[in-house]
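# Report on the structure
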Amino acid sequence: MQTFIGSNYWLTTVSMPQGTPGDLPKRADVAVIGAGFTGLSAARSLAKRGANVVVLESHSIGWGASSRNGGMVLTGLKLSPETLASRYGMELTRRMYAASLASIDVVEQIVREENIGCDFSRCGHLEVACKPSHFDSYARSVETIAKEFNHQLRIVPRAQLSDEIGSSIYFGGIVDETSTGLNPTQYVTGLATAAIKAGANLYENARVEQITPETQNGNHGFEIHTSRGNIFATNVLVATSGYTSAATPALRKKIIPIGSFIITTEQLPDDLARELNPRNRMIYDSKHYLYYYRLTPDNRMLFGGRAAFFPETKNTIRRSAEILRRGMVQVFPQLRETKVAYAWGGTLDFCFDTMPHAGHADGIYYALGYAGHGVAMATYLGAKSAEEIAGEKVENPFSEIPFPGAPLGLYNGRPWFLPFAGAYYKVLDWIS
Ligand SMILES: Cc1cc2nc3c(=O)[nH]c(=O)nc-3n(C[C@H](O)[C@H](O)[C@H](O)COP(=O)(O)OP(=O)(O)OC[C@H]3O[C@@H](n4cnc5c(N)ncnc54)[C@H](O)[C@@H]3O)c2cc1C
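The shown structure was predicted, so the numbers you read here are calculated from the model rather than taken from an experiment.

What counts, and at which threshold
- By convention here, each chain's residues receive numbers from 1 onward along its written sequence.
- This being a predicted model, a pLDDT of at least 70 is required before a residue's local features are given, and a value of 80 or more before pairs of side-chain atoms are given or counted; all residues contribute to the totals for chains, interfaces and linings.
- Secondary structure elements follow DSSP: runs of H or I of four or more residues count as helices, runs of E of two or more count as strands, with numbering from the N terminus.
- Contacts are defined on C-beta atoms placed from the backbone: any two residues whose C-beta positions lie within 7 Å are in contact.
- The span one expects for a helix is its residue count, reduced by one, times 1.5 Å.
- Buried, partly exposed and exposed are defined by the number of other C-beta atoms within 10 Å of a residue's own C-beta, namely 20 or more, between the two limits, and 12 or fewer respectively, with C-beta atoms placed from the backbone.
- Here a strand pair is declared whenever DSSP counts at least two bridges between the two strands.
- By definition, a residue lies near a molecule or strand when the C-beta atom built from its backbone is within 6 Å of it.
- Residues are sorted three ways: Asp, Glu, Lys and Arg are charged, Ala, Val, Leu, Ile, Met, Phe, Trp, Tyr, Cys and Pro are nonpolar, and all the rest, Gly among them, are polar.
- Here an axis means a line fitted to C-alpha atoms, over the contact stretch when the element is a helix, while the angle between two N-to-C directions is reported on a 0 to 180 degree scale.
- Here a nonpolar core is just a set of buried residues of the types Ala, Val, Leu, Ile, Met, Phe, Trp, Tyr and Cys, joined wherever their C-beta atoms sit within 7 Å.
- Here is the rule for angles: anything less than 35 degrees is roughly parallel, anything more than 145 is roughly antiparallel, 65 through 115 is roughly perpendicular, and the remaining ranges are oblique.
- Crossings are sorted by hand: turned counterclockwise from the far helix by less than a right angle, the near helix makes the crossing left-handed, and turned clockwise it makes it right-handed.

### Side note on the environment of Leu84
Of note, Leu84 is situated in helix α2 (residues 81-88). For the pair Leu84 and Met355, spaced 271 residues apart in sequence, the C-alpha separation works out to 9.5 Å. Dropping the residues within four chain positions of it, Leu84 is found in contact with Leu77, Leu79, Thr93 and Met96.

Structure below.
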């Protein structure tokens, strides 16, 4: 069997909706830049409130990370509760953790309301410890999360880990039954269909090149220059995640685009699939340079990681596919003879503080910085941004934290330091 390098397995499970045909309109109440979870969730919410919304997308609907990810809908944030509490205080951390739980409920509600067939299932997640010291730290995390956030996780000692995973390389784990799995490409397709049904217009191949403040007929707003012509909008929401470009230069300097890669095997026999992942969990390990993996609904092992730090090109995908295959066989020697059928990559959006950010600057709204935890949070912050644009009072702890740029301003949007960061995290995994 041939491996389709650069070919995304999830895309074989959908047919994407078409964008709006014809020319861009001259005006809109809100222009949303980017047709992923953030932009489409915002467009759906705004259109349901009666706003005239256009979504401007450089490529096609769902082209970015939203169709390329692992489909793991996870509780919590990228940073640990301990790190969050020491940085922001426990009160704000409580609200952030609550938002992470609420974000999964929001996805569930949209899936039910819009009848989106995307194999949404509350199957839970399993974090596995790569070292005894990682396992030792789990007890404190579980205690903090129970005490401060009233959310129960379960520790799985090494002796019981075979109930959860068909691998013997780990030192124990934590299970969170609230987390969820879905098919991300079917989900983003469903969101797009829902936004269109609510009245939003989605323009593909409409790359935003520049945004300038403008007043028309006494209305303050923005002239948006795109590859398909110009449009005036009263409000703008930037939802461009790891693909943030020179069209929004200030935001670009705050986002580090980092590659993440996935391989997917041929279909596995039922009994082998159950042996590897008996409870169908969403699984990730405890390293900085982590692996994440799950079964697809048709029994393929989907295995991902930050195998190369640079975003996706034919070369980074090919190299990553080899690294990930070796990693997969280390975790599951049972897959030594199994063929890899698909390999692809996508770009994550890391901010310098590894936090999501949703707010506005110079009159332009933004929601981004999901750091690989974006399926639910992007949906949630897209909806929150919509509520804020609509003038509603919004609970959004992520708008209350500072949004830092690079230390000493040493970054213009081109991440020259990625090889050093990659090496740093490898060393950290080795010593910690
Ligand atoms: C390989 C991989 C695996 C992942 N796995 C998981 C996971 O299992 N669980 C999880 O929670 N998260 C995961 N993530 C993260 C998650 O996919 C993202 O956080 C989420 O999809 C972000 O959605 P978004 O709508 O903000 O951005 P995107 O989906 O990236 O959409 C941004 C869009 O903006 C468009 N755009 C950019 N610039 C312009 C412009 N100038 N004009 C017009 N359009 C523009 C792009 O073309 C793109 O389509 C993963 C990401 C990757 C890459």
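There is more to say, and it comes next.
### A closer look at helix α1 (residues 37-48)
The end-to-end C-alpha distance of α1 is 16 Å, a good match for the 16 Å that twelve residues give at a rise of 1.5 Å each. In terms of burial, α1 is largely enclosed, as eleven of its twelve residues are buried. Of all the positions in α1, only Phe37, Thr38, Gly39, Leu40, Ser41, Ala42, Ala43, Arg44, Ser45, Leu46 and Ala47 are classed as buried. For α1, the secondary structure elements touched by its buried residues are β2 (27-33), β3 (53-56), α5 (184-198), β12 (229-238), β19 (364-368) and α9 (374-389).

### Quick word on the pairing of β19
Of all five residues making up β19, four are buried, and the element is well covered by its neighbours. In terms of strand pairing, β12 meets β19 through two bridges, oriented parallel. Bridging across to β19, Val238 finds its partner in Tyr366. The pairing of strand β18 (residues 357-361) with β19 spans five bridges and is classified as antiparallel. Paired with Gly359 across the two strands is Tyr366, which belongs to β19. Joining the antiparallel neighbours β18 and β19 is a turn of two residues, in which Asp362 adopts a positive phi near 50°.

### Re the site of the ligand
Taken together, 43 residues lie near the ligand, and Gly34, Gly36, Gly64, Gly346 and Gly374 sit nearest. Here the shell around the ligand is built from residues that sort into 18 nonpolar, 22 polar and three charged.

### Considerations on the sheet that holds strand β16 (residues 301-305)
Backbone-to-backbone hydrogen bonds pair the strands of a sheet. The strands run either parallel or antiparallel. If you trace the nine strands from one edge of the open sheet to the other, you get β1-β17-β13-β16-β15-β14-β5-β7-β6, paired in mixed fashion. Only two strands of the sheet have a single neighbouring strand rather than two, namely β1 (4-5) and β6 (154-157). Note that strand β5 (residues 125-128) and strand β7 (residues 172-176) share four bridges and pair antiparallel. Opposite Glu127, over in β7, you have Ile174 as the bridge partner. Seen against the sheet, helix α8 (residues 314-331) touches β1, β13 (255-265), β15 (291-295), β16 and β17 (340-351) and runs at an angle of roughly 105° to β17.

### What to know about α5
One full turn of an α-helix is made of 3.6 residues, so residues set three or four places apart face in the same direction. With 15 residues, α5 ought to run about 21 Å at 1.5 Å a step, and its terminal C-alpha atoms sit 21 Å apart, in line with that. Of all 15 residues making up α5, twelve are buried, and the element is well covered by its neighbours. For α5, the complete set of buried residues consists of Pro184, Thr185, Gln186, Tyr187, Val188, Thr189, Gly190, Leu191, Ala192, Ala194, Ala195 and Ile196.

### Here's the deal with the nonpolar core
Ranked by internal contacts, the top residues of the largest apolar core, which has 122 residues, are Ala31, Val53 and Val55. A total of nine residues in this core trace back to one element, the largest contributor, which is α9. With residues up to four places along the chain from it excluded, the contact list for Val53 reads Ala28, Asp29, Val30, Val32, Ala43, Leu46, Ala47 and Ala200.

### With respect to the environment of Gly346
Inspection of the secondary structure assignment puts Gly346 in strand β17. Since 24 C-beta atoms lie within 10 Å of it, Gly346 is described here as buried. Once the C-alpha coordinates of Gly346 and Ser260 are considered, the two residues, 86 residues apart in sequence, prove to be 5.6 Å apart. Ignoring sequence-local partners within four residues, the contact set of Gly346 consists of Ala65, Arg68, Asn69, Ser260 and Glu312.

### Regarding the pairing of β16
Of all five residues in β16, five are buried, a share of seventy percent or more. Neither face of β16 is left uncovered, since the one carrying Met301, Phe303 and Gly305 and the one carrying Leu302 and Gly304 both have all their residues buried. Of the strand pairs in this sheet, β13 and β16 are connected by four bridges, and their pairing is antiparallel. Looking at β16, one finds that Ile263 is bridged to Phe303. By the bridge criterion, five bridges tie β15 to β16 in an arrangement that is antiparallel. Across the sheet, the residue bridging to Arg294 is Leu302, located in β16. As consecutive antiparallel partners, β15 and β16 are separated by five residues, and within that stretch Asn299 has a phi angle of approximately 70°, a positive value.

### So, unusual backbone geometry
Even without a glycine there, the phi angle at Asn205 is positive, about 50°. Locating Asn205 in the fold gives a position in the loop between β9 (201-203) and β10 (208-216). C-beta crowding within 10 Å serves as the criterion here: with 13 such atoms nearby, Asn205 is assigned to the partly exposed category. The phi dihedral of Ser241 falls on the positive side, at around 50°, and the residue is not glycine. One can find Ser241 in the loop between β12 and α6 (249-252). What makes Ser241 buried here is the crowd of 26 C-beta atoms within 10 Å.

### Considerations on the packing of α1 against α9
Close contact between α1 and α9 brings their axes to 7 Å; oriented N to C, the two are set at 40°. Considered as vectors, α1 and α9 are oriented oblique to each other. Considering only the axes of α1 and α9, their crossing is right-handed. The residues of α9 that touch α1, namely those facing Phe37, Thr38, Gly39, Ser41, Ala42, Ser45 and Leu46, are Gly374, Val375, Ala378, Thr379, Leu381, Gly382, Ala383, Ser385, Ala386, Glu387 and Ile389. Grouping the constituent residues of the contact of α1 with α9 by class yields nine nonpolar, eight polar and one charged.

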